[in-house]
Amino acid sequence: MAVLTDKILVNTKGYTDIIDITNSVQTCVQKHNIKDGLVHVFVIGSTASVTTIEYEPGLLQDIKDALEIIAPSSKEYHHDAKWHDGNGFSHVRSALVGNSVVIPLSGGALQLGTWQQIILLDFDNRARARNIIVQVIS
Amino acid sequence: MAVLTDKILVNTKGYTDIIDITNSVQTCVQKHNIKDGLVHVFVIGSTASVTTIEYEPGLLQDIKDALEIIAPSSKEYHHDAKWHDGNGFSHVRSALVGNSVVIPLSGGALQLGTWQQIILLDFDNRARARNIIVQVIS
Amino acid sequence: MAVLTDKILVNTKGYTDIIDITNSVQTCVQKHNIKDGLVHVFVIGSTASVTTIEYEPGLLQDIKDALEIIAPSSKEYHHDAKWHDGNGFSHVRSALVGNSVVIPLSGGALQLGTWQQIILLDFDNRARARNIIVQVIS
């Protein structure tokens, strides 16, 4: 029984840039040769999130549209009135979508659906280098 | 120390069908006779979610109403324009609500509130057979 | 390898009271002297949530504003029509935001961003004493 931890660095464009990190996560997991357990994927920071979706261009636009309802990028935020960062919407989106997913691992494979990818969403209002932590618990 | 994994099959009607899976999860957990640790409940797929709620008919309607604000079922989605599945709203809801919950286990009991049940939400636009994975980490 | 569990009691004012629990979680973690693994922070109950955010007054107001879009506190809820609790919005918010976060632990430190705190959100419509469970998996 162990917790094995790896790190992935991902460069993003910000502005709700959505990046498929499934292959990178699988590469981390496979090198440990663990068959069964669970995998935790976490992005460090308060303006980014990790979740899963079917990674196709239509849905990437659809999820951006939904996030515009919840935390519009054009709204005036109290955060920005005070700090002038202009990324109040980024913080709110990250807090609501969350920083991590946990996925079962069986027979060495992540137990995702056929049309289900792990995505990093970078909500910040500038390009960022993001640290993703991948942990295998077995 | 171990990760013990079980699977539950749940038949749903789709269309944001909400099913109380608390008893099924408890049955999985209890057969291992583990007293302390944590439990991970995960639904496979990109059009379903797992969370917790007080399972009573009023709230089931209330959460459906809230999801209609975030990702209306009547809206035109880019996903559907391309793929004609008609389930763009299902994918967006699943990505935002998430596929799993983690719950502490103490003295053999899930540490839920008195009015708190584990629910499967099937957002797809058809009946589905869903695989729920239950993992006990101790 | 072990799962170590602690409990924190937090008194809240309800009404989307948002409390920074980062230091309390760190105190729990540090006493075990575990260097590497992961930490699970969970609030018991169906009208509260745990997530992370930059804890500054502007964003606390901004996230309350976003939650008013998703589950307005002034709306009439089916839950309240039946049970007259007046906290239908509290349940919906909790189900959508979630009860827990999982955070990597490396070199004895929670792997959070510089501007990222762990928060308890109490959505209920009255003051509550909340049980937070902190679990270190290593």
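Conventions used here
- Residues numbered from 1 in each chain as written.
- Chains lettered and ligands numbered in written order.
- Predicted model: local features only at pLDDT ≥ 70, side-chain atom pairs only at ≥ 80, totals over all residues.
- Heavy atoms only, no water.
- Least-squares fit on C-alpha atoms with pLDDT ≥ 70 in both.
- Contact = heavy atoms within 4.5 Å.
- Buried area = accessible area lost by both parts, 1.4 Å probe.
- Salt bridge = Lys/Arg side-chain N within 4 Å of Asp/Glu carboxyl O.
- Polar contact = N/O pair within 3.5 Å; in protein donor to acceptor, adjacent residues only side chain to side chain.
- Helix = DSSP H or I, 4+ residues; strand = E, 2+ residues; numbered from the N terminus.
- Nonpolar A, V, L, I, M, F, W, Y, C, P; charged D, E, K, R; others polar.
- Pairing = 2+ DSSP bridges.
- Axes fitted to C-alpha atoms, helices over the stretch in contact; angles between N-to-C directions.
- Buried < 20%, exposed > 50% of the residue type's maximum accessible area, 1.4 Å probe, protein only.
- 1 Å grid on protein atoms, 1.4 Å probe; cavity = no way out; pocket = protein on both sides within 12 Å on 5 of 7 lines; lining within 4 Å.
- Points joined across faces, edges and corners; volume = space filled by probe spheres on them.
- Core = buried A, V, L, I, M, F, W, Y, C linked by side-chain atoms within 4.5 Å.
- Phe/Tyr/Trp six-rings, centres within 6.5 Å; stacked < 30°, edge-to-face > 60°.
- Lys NZ or Arg CZ within 6 Å of the ring centre and 35° of its normal.
- Left-handed = near helix turned anticlockwise from the far one by under 90°.

Draft legend 1. Molecular detail of the relation of the copies chain B and chain A. Once chain B has been moved 0.0 Å along the axis and rotated by 120°, it coincides with chain A to within an RMSD of 0.0 Å. Those values place the two copies in the arrangement expected of a three-fold rotation axis. A share of only 19% of interface residues in chain B that are also interface residues in chain A marks the association as one of differing surfaces.

Draft legend 2. Region of the structure containing the interface of chain B and chain A. Taken together, the 26 residues of chain B in the interface contact 30 residues of chain A. Interface of chain B and chain A: buried area, both sides summed, is about 2300 Å²; carbon and sulfur atoms make up 67% of it. When the buried area of chain B at its contact with chain A is split by residue, H78, A95 and L96 of chain B rank highest and sum to 22% of it. Across the salt bridge formed by D65 of chain A and K75 of chain B, the nearest N and O atoms sit 3.8 Å from each other. Here chain B and chain A share twelve residue pairs in polar contact (both at pLDDT 80 or more) between them. Mapped onto the side of chain B that touches chain A, the elements with two or more residues apiece are β3 (37–43), α2 (57–70), α3 (78–83), α4 (88–97) and β8 (128–137) of chain B. In terms of residue class, the side of chain B that touches chain A is built from 14 nonpolar, eleven polar and one charged.

Draft legend 3. Structural view of the interface of chain B and chain C. Listed as interface residues are 30 residues of chain B and, on the opposing side, 26 residues of chain C. Applying the counting criterion to the chain B and chain C interface returns one salt bridge. Connecting chain B to chain C are twelve residue pairs in polar contact (both at pLDDT 80 or more). Elements that contribute at least two residues to the side of chain B that touches chain C include exactly β3, β4 (48–53), α2 and β5 (100–106) of chain B.

Draft legend 4. Up close: the sheet that holds strand β4 (residues 48–53) of chain C. Residue and element names in this part refer to chain C. Read from one edge to the other, the open sheet built from three strands follows the order β2-β7-β4, with strand pairing classed as antiparallel. Among the strands making up the open sheet, the edge pair consists of β2 (17–20) and β4. Averaged over all pairs of adjacent strands, the angle between their axes in this sheet comes to 30°, without regard to strand direction.

Draft legend 5. Examining helix α4 (residues 88–97) of chain A more closely. Residues and elements named next belong to chain A. Along α4, ten of the ten residues are buried, which leaves the element largely enclosed by surrounding structure. Those residues of α4 not exposed but buried are G88, F89, S90, H91, V92, R93, S94, A95, L96 and V97. The first or second residue beyond α4 is G98, which carries a positive phi of 100°.

Draft legend 6. Main features of empty space enclosed by the protein. By the definition in use, this model includes three cavities of 30 Å³ or more. Here the largest cavity defines a volume of roughly 630 Å³. Contributing to the lining of the largest cavity are 38 residues, with V97 and S100 of chain A, V97 and S100 of chain B together with S100 of chain C lying nearest its centre. In this model, the second largest cavity occupies a volume close to 170 Å³.

Draft legend 7. Examining the nonpolar core more closely. One finds L96 of chain A, L96 of chain B together with L96 of chain C to be the most contacted residues of the largest nonpolar core, which totals 54 residues. Not counting residues up to four positions away in its chain, the partners in contact with L96 of chain B are I63, A66, L67, I70 and V97 of chain A together with I70 of chain B.

Draft legend 8. Up close: the sheet that holds strand β6 (residues 109–110) of chain A. All names here are of chain A. Within the open sheet, the five strands sit side by side as β1-β8-β3-β5-β6. Their pairing is antiparallel. At either end of the open sheet lies a strand with only one pairing partner, and these are β1 (3–12) and β6. As judged from the six bridges shared by strand β3 (residues 37–43) and strand β8 (residues 128–137), these two strands associate in the antiparallel manner. The residue bridging F42 from the neighbouring strand is I133, located in β8.

Draft legend 9. Seen up close, the packing of aromatic side chains. Considering all chains together, one arrives at zero aromatic pairs over all chains under this definition. Cation over ring: K75 of chain A sits above Y77 of chain A, and NZ or CZ is 4.4 Å from the ring centre.

Draft legend 10. Region of the structure containing unusual backbone geometry. One non-glycine residue with positive phi stands out, namely N33 of chain A, at about 55°. Tracing the backbone through its elements, the reader meets N33 of chain A in the loop between α1 (22–30) and β3.

Draft legend 11. Quick look at the pairing of strand β7 (residues 117–122) of chain C. Residue and element names in this part refer to chain C. With six of six residues buried, β7 is to be regarded as a mostly interior element. On β7, burial covers both faces: Q117, I119 and L121 on one face and I118, L120 and D122 on the other are all buried. Alignment of β4 against β7, held across six bridges, turns out to be antiparallel. Bridging from a neighbouring strand, S49 pairs with L121 of β7.

Draft legend 12. Here's a closer look at the pairing of β8 of chain B. Residues and elements named next belong to chain B. The buried fraction of β8 is high, at seven of ten residues. Bridge count between strand β1 (residues 3–12) and β8: ten bridges; the pairing is antiparallel. Bridging from a neighbouring strand, L9 pairs with N131 of β8.

Draft legend 13. Seen up close, the relation of the copies chain B and chain C. For these two chains of identical sequence, chain B goes onto chain C by a turn of 120° and a shift of 0.0 Å along the axis, with RMSD 0.0 Å. Looking at the interface residues of chain B, only 17% of them are also at the interface in chain C, so each copy uses its own face.

Draft legend 14. Fine view of the packing of α2 of chain B against helix α4 (residues 88–97) of chain C. Two elements in contact, α2 of chain B and α4 of chain C, have axes whose closest approach is 10 Å; the angle formed by their N-to-C orientations is 65°. In the packing of α2 of chain B onto α4 of chain C, the handedness of the crossing is right-handed. Between α2 of chain B and α4 of chain C, the residues in contact are L59, D62, I63, A66, L67 and I70 of chain B and G88, H91, V92, A95 and L96 of chain C, respectively. Split into classes, the residues belonging to the contact of α2 of chain B with α4 of chain C amount to eight nonpolar, two polar and one charged.

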